[in-house]
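Geometric and topological summary
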Amino acid sequence: MKVDEIYYRIINAVNFFLGGVGSITIDELKEVNPSVERIAKDMRTLSNILKDLAGSSYEDQNLAINALQCCLIMEELAIAVSEEREGDFDELFRKLELHTKVP
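These notes cover the structure that comes with them.

Quick notes on the rules
Residues numbered from 1 in each chain as written. Predicted model: local features only at pLDDT ≥ 70, side-chain atom pairs only at ≥ 80, totals over all residues. Heavy atoms only, no water. Phe/Tyr/Trp six-rings, centres within 6.5 Å; stacked < 30°, edge-to-face > 60°. Buried < 20%, exposed > 50% of the residue type's maximum accessible area, 1.4 Å probe, protein only. Helix = DSSP H or I, 4+ residues; strand = E, 2+ residues; numbered from the N terminus. Contact = heavy atoms within 4.5 Å. Axes fitted to C-alpha atoms, helices over the stretch in contact; angles between N-to-C directions. Parallel < 35°, antiparallel > 145°, perpendicular 65-115°, else oblique. Left-handed = near helix turned anticlockwise from the far one by under 90°. Nonpolar A, V, L, I, M, F, W, Y, C, P; charged D, E, K, R; others polar. Expected span 1.5 Å × (residues − 1). Arc of directions from axis to C-beta. Salt bridge = Lys/Arg side-chain N within 4 Å of Asp/Glu carboxyl O.

It is worth spelling out the packing of aromatic side chains at this point. The relation between two aromatic rings is expressed through the spacing of the ring centres and the mutual angle of the planes. Applying the stated criterion across every chain, the model contains two aromatic pairs. Consider the rings of Y7 and Y8, whose centres lie 5.0 Å apart with planes at 75°: the pair is edge-to-face. Residue Y8 is classed as partly exposed on the basis of its relative accessible area, which comes to 38%.

Take the side chain of S47 next. Tracing the sequence through the fold places S47 in helix α3 (residues 36-54). Given a relative accessible area of 2%, S47 falls into the buried group. Beyond its immediate sequence surroundings of up to four residues, S47 is in contact with I10, A64, A67, L68 and C71.

Their axes nearest at 10 Å, the elements helix α4 (residues 58-82) and helix α5 (residues 89-100) cross at an angle of 165°. Relative to α5, α4 is oriented roughly antiparallel. The hand of the α4/α5 crossing is left-handed. Counted together, N66, Q69, C70, I73, M74, E76, L77, A80 and V81 of α4 and F89, L92, F93, K95, L96 and H99 of α5 form the full contact between these two elements. Its residues assigned to classes, the contact of α4 with α5 comprises 10 nonpolar, three polar and two charged.

Turning our eyes to something else, we now look at α5. The terminal C-alpha atoms of α5 lie 16 Å apart, and with 12 residues this matches the ideal 16 Å at 1.5 Å per residue to within 8%. Turning to α5, its buried residues number three or more, namely F89, L92, F93, L96, H99 and T100. Viewed end-on, α5 has its buried residues packed into an arc of 120°, placing them on one side of the element. For α5, the elements touching its buried residues are α1 (3-20), α2 (26-30) and α4.

Below, the discussion takes up the pattern of salt bridges. Enumeration according to the criterion identifies seven salt bridges in this entry. The partner of E75 in a salt bridge is R44, and the shortest N-O contact between them spans 2.8 Å. With E75 in helix α4 and R44 in helix α3, the pair connects residues that are 31 residues apart, well separated along the chain. E75 gets classed as partly exposed once you look at its relative accessible area, which sits at 23%. E83 is the partner of R85 in a salt bridge, and the nearest nitrogen-oxygen pair spans 2.4 Å. On the basis of relative accessibility, which here comes to 33%, the residue R85 falls in the partly exposed class. Among the residues examined, E83 registers a relative accessible area of 48% and is labelled partly exposed.

Structure (structure tokens):
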């Protein structure tokens with residue numbers, strides 16, 4: 001599997017997640033299955049694989065960096081959910097959306 005294929009799977013997962021949480025409450029977000037924390041952990045694993053596969057290719061490294069950014073934001077979101085910081089959601093969702101627009 002190529003770096004760009006894994007990258008687009010991550011982006012598609014983020015888009016799917018964003019599409020499903022548009023106007024969701026914190027209590028509903030806590031009940032999402034798989035959990036935001038589980039999604040973030042899986043994204044971290046894929047991000048690490050991408051980093052290893054990217055090698056010296058500038059384009060592949062760029063994709064790996066953007067995937068890591070999505071992962072970090074999902075990890076922030078998981079923390080916000082666990083700490084019930086609903087006020088952070090809009091900004092985190094906005095950041096995620098920005099990273100899904102990057103080729």
